[in-house]
Amino acid sequence: MTGRPTVGVLALQGDVREHLQALTGSGADAVPVRRTSELDSVDGLVIPGGESTTISKLAVAFDLLEPLRERIAAGMPAYGSCAGMILLADKVLDGVEGQRTLGGLDVTVRRNAFGRQVDSFEESIPVAGVPGGPFHAVFIRAPWVESVGSGVEVLGVVTDGEAAGRIVAVRQGALLATSFHPELGGDARLHALFVDMVRERDR
Amino acid sequence: MSDLPLAPATSAPQTGTARVKRGMAEMLKGGVIMDVVTPEQAKIAEDAGAVAVMALERVPADIRAQGGVARMSDPDMVSGIVDAVSIPVMAKARIGHFVEARVLQSLGVDYVDESEVLTPADEAHHIDKFSFTVPFVCGATDLGEALRRISEGAAMIRSKGEAGTGNVVEATRHMRSIRAGIRRLGGLPPEELYAAAKELRAPYDLVAEVASLGKLPVVLFTAGGIATPADAAMMMQLGAEGVFVGSGIFKSGDPARRAEAIVKATTFHDDPDVIAKVSRGLGEPMVGIGLDELKPEQRYAGRGW
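All values reported here derive from a predicted model rather than from experimental measurement. (Residues numbered from 1 in each chain as written. Chains lettered and ligands numbered in written order. Predicted model: local features only at pLDDT ≥ 70, side-chain atom pairs only at ≥ 80, totals over all residues. Heavy atoms only, no water.)

J.: How should the sheet that holds strand β1 (residues 14–15) of chain B be read in this particular structure?
T.: Where strands meet in a sheet, backbone hydrogen bonds hold them as pairs that are either parallel or antiparallel. Judged by pairing direction, the sheet is antiparallel, and its three strands sit side by side in the order β8(A)-β7(A)-β1(B) without closing on themselves. Among the strands making up the open sheet, the edge pair consists of β8 (135–139) of chain A together with β1 of chain B. Where strand β7 (residues 121–125) of chain A lies against β8(A), five bridges are found, and the strand directions are antiparallel. Pairing of S124(A) across the sheet is with H136(A), part of β8(A). (Pairing = 2+ DSSP bridges. Helix = DSSP H or I, 4+ residues; strand = E, 2+ residues; numbered from the N terminus.)

In structure tokens form, the structure reads like this:
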């Protein structure tokens, strides 16, 4: 694809605006997505940070869950940060009863794995595939990836502190997920990587 | 938020930074935070799609009805609510009561609301919120008050409205006032921002930041009198980034259903068809209070300075 791909941000709840801004700055036409008609118009989708239980309930209530699953299964590139990572995961630990995910990413994610808000932190970590030095990562009541399937590439792990070694950035084909929030850090390199993934897919 | 200083690249994980505190509120945007007084209510709120719950000993409508000094909740109740749900838990401390806030931080709550709904503990000083790891949300009636709270370390602002009335008129006034203040700053030439800071009784740096961003440097929610899905949607259209509902849910006829309806109306605040649909058959709303029925000392919005 030449020119600007259209990338949606799932806009049911969460820090939608920050993702829209980061995507716009990374060469995409960024649009909020709350309806299936809006989903149909996008080449790729970001699932933002927010409250994963709220987002999944609203996706079910407004008949978005199945269309989202179908698009992801059909190969639409998707990137999830924090709550978005939980929604992309095939398996969730410590979720609420009956919590539904979109799935697609062959990982097991543990919700609120780092603890409560007083444990939320920022730290610089190297991310494979993102040139230009470590990525300044902001973790907010964040999940981590407990285990990955064979097709999943681990892009980043926590480097310091008690959680050192925990997986916090993964990629599997057209699906990208991070425990942390690049949209809050003023560093758009991961959004640029995702926009490139969308372009690749449509080429 | 991109102008906040980054932690040095080589540092160990840093907790309690401005970015982490403000970022937590960013994750609540577009969502509804519900007042709860028991673990059972907290579960109902979580099941309805709340992004967080606010633990308190009595909802504002009961504080009004019963009178007396309203304080932080019993630690057993706060812990019971923390254990009952997996979504974030907020809790209220009295204005200026830094020890109640320390206790709430030690109980593991995710956000402290330094709230005018409780009886103030200090009539001159708010809590120094920078000295905590847990983030704070504070109420405001206008832009100057919002910026004074941010200058003390608040990581999230909400309109005060008039809690416990089920009457949205004061929340409307405060949202319009805060947003009008922001718009006005955006139109001023740089040399006039100094006098604007003086008028607002707010630090110049924050005034200049708001003028350049066109918004507060922290998330702005609405609170105080929201009782229906349409109330929530109107507040969103007036520029709120999310909604606190206090007495409006658990003082209504069918709390679970009303809670879910308010969540949906907040997400689809610009779609009257959705709001109409979710507003059907909700049962009795909470009984409201006209603002002219309140004596000046019964107004909570005047608490805090």
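J.: I tried to follow the pairing of strand β3 (residues 52–55) of chain B on my own but got confused; where do I start?
T.: Each regular strand carries side chains that alternate between the two faces of the sheet. Residue and element names in this part refer to chain B. Burial of the side chains of β3 extends over both faces: A52 and M54 are buried on one face and V53 and A55 on the other. When strand β2 (residues 32–36) meets β3, the two strands line up parallel, connected through four bridges. The partner of I33 across the bridge, within β3, is A52. Running through helix α2 (residues 39–48), the crossover from β2 to the neighbouring parallel element β3 is right-handed. Note that β3 and strand β4 (residues 89–94) share three bridges and pair parallel. When the bridges of β4 are listed, M54 appears paired with M90. (Buried < 20%, exposed > 50% of the residue type's maximum accessible area, 1.4 Å probe, protein only. Right-handed = clockwise from strand over helix to strand, strands pointing away.)

J.: Before we go on, may I ask you to explain the sheet that holds strand β8 (residues 219–221) of chain B in this structure?
T.: Residue and element names in this part refer to chain B. Spatially, eight strands are ordered β8-β7-β6-β5-β4-β3-β2-β9 in an open sheet, and the strand pairing comes out parallel. Unpaired on one side and paired on the other, β8 and β9 (243–245) mark the two borders of the sheet. Across this sheet, the average inter-strand angle for adjacent strands is 30°, counted without regard to direction. Of the strand pairs in this sheet, strand β7 (residues 156–159) and β8 are connected by three bridges, and their pairing is parallel. Paired with M156 across the two strands is V219, which belongs to β8. Strands in contact with helix α1 (residues 18–26) are β5 (111–115), β7 and β8; relative to β5, the strand with the most contacts, it is inclined by about 85°. Along the sheet, helix α12 (residues 255–267) contacts β2 and β9; its crossing angle with β2, the most-contacted strand, is approximately 155°. (Axes fitted to C-alpha atoms, helices over the stretch in contact; angles between N-to-C directions. Contact = heavy atoms within 4.5 Å.)

J.: Sorry if this is basic, but what is going on with empty space enclosed by the protein here?
T.: Think of a ball as big as a water molecule: rolled over the atoms, this probe shows where empty space is left. For the structure on display, the rule yields three cavities of 30 Å³ or more. Counted as a void, the largest cavity has a volume near 180 Å³. Every element with two or more residues in the lining of the largest cavity is listed here: β5, β9 and α11 (247–250) of chain B. Classifying every residue of the lining of the largest cavity gives nine nonpolar, nine polar and six charged. Looking at the second largest cavity, its volume works out to about 150 Å³. For the second largest cavity, the lining is made up of 16 residues, of which G50(A), E51(A), N112(A), I140(A) and R141(A) are closest to its centre. (1 Å grid on protein atoms, 1.4 Å probe; cavity = no way out; pocket = protein on both sides within 12 Å on 5 of 7 lines; lining within 4 Å. Points joined across faces, edges and corners; volume = space filled by probe spheres on them. Nonpolar A, V, L, I, M, F, W, Y, C, P; charged D, E, K, R; others polar.)

J.: So what exactly am I meant to see when it comes to the interface of chain B and chain A here?
T.: Many descriptions give the size of an interface as the accessible area lost when the pieces come together. Across the boundary between the two partners, chain B contributes 50 residues, which contact 41 residues of chain A. Summed over both partners, the interface of chain B with chain A comes to about 3,500 Å²; 58% of that surface belongs to carbon and sulfur atoms. Across the contact surface, chain B and chain A share seven salt bridges. Put simply, D271(B) and R35(A) hold a salt bridge, and the shortest N to O gap is 2.8 Å. Linking chain B with chain A are 24 residue pairs in polar contact (both at pLDDT 80 or more), by the criterion used here. Counting residues per element, the ones that place at least two in the side of chain B that touches chain A are β1, α1, α2 and α12 of chain B. Here the element with the most residues in the side of chain B that touches chain A is α1(B); it accounts for six residues. Residue composition of the side of chain B that touches chain A, grouped by class: 22 nonpolar, 16 polar and 12 charged. Pairing of β7(A) with β1(B), which is carried by two bridges, proceeds in the antiparallel orientation. Within β1(B), the residue paired with E122(A) across the bridge is Q14(B). (Buried area = accessible area lost by both parts, 1.4 Å probe. Salt bridge = Lys/Arg side-chain N within 4 Å of Asp/Glu carboxyl O. Polar contact = N/O pair within 3.5 Å; in protein donor to acceptor, adjacent residues only side chain to side chain.)

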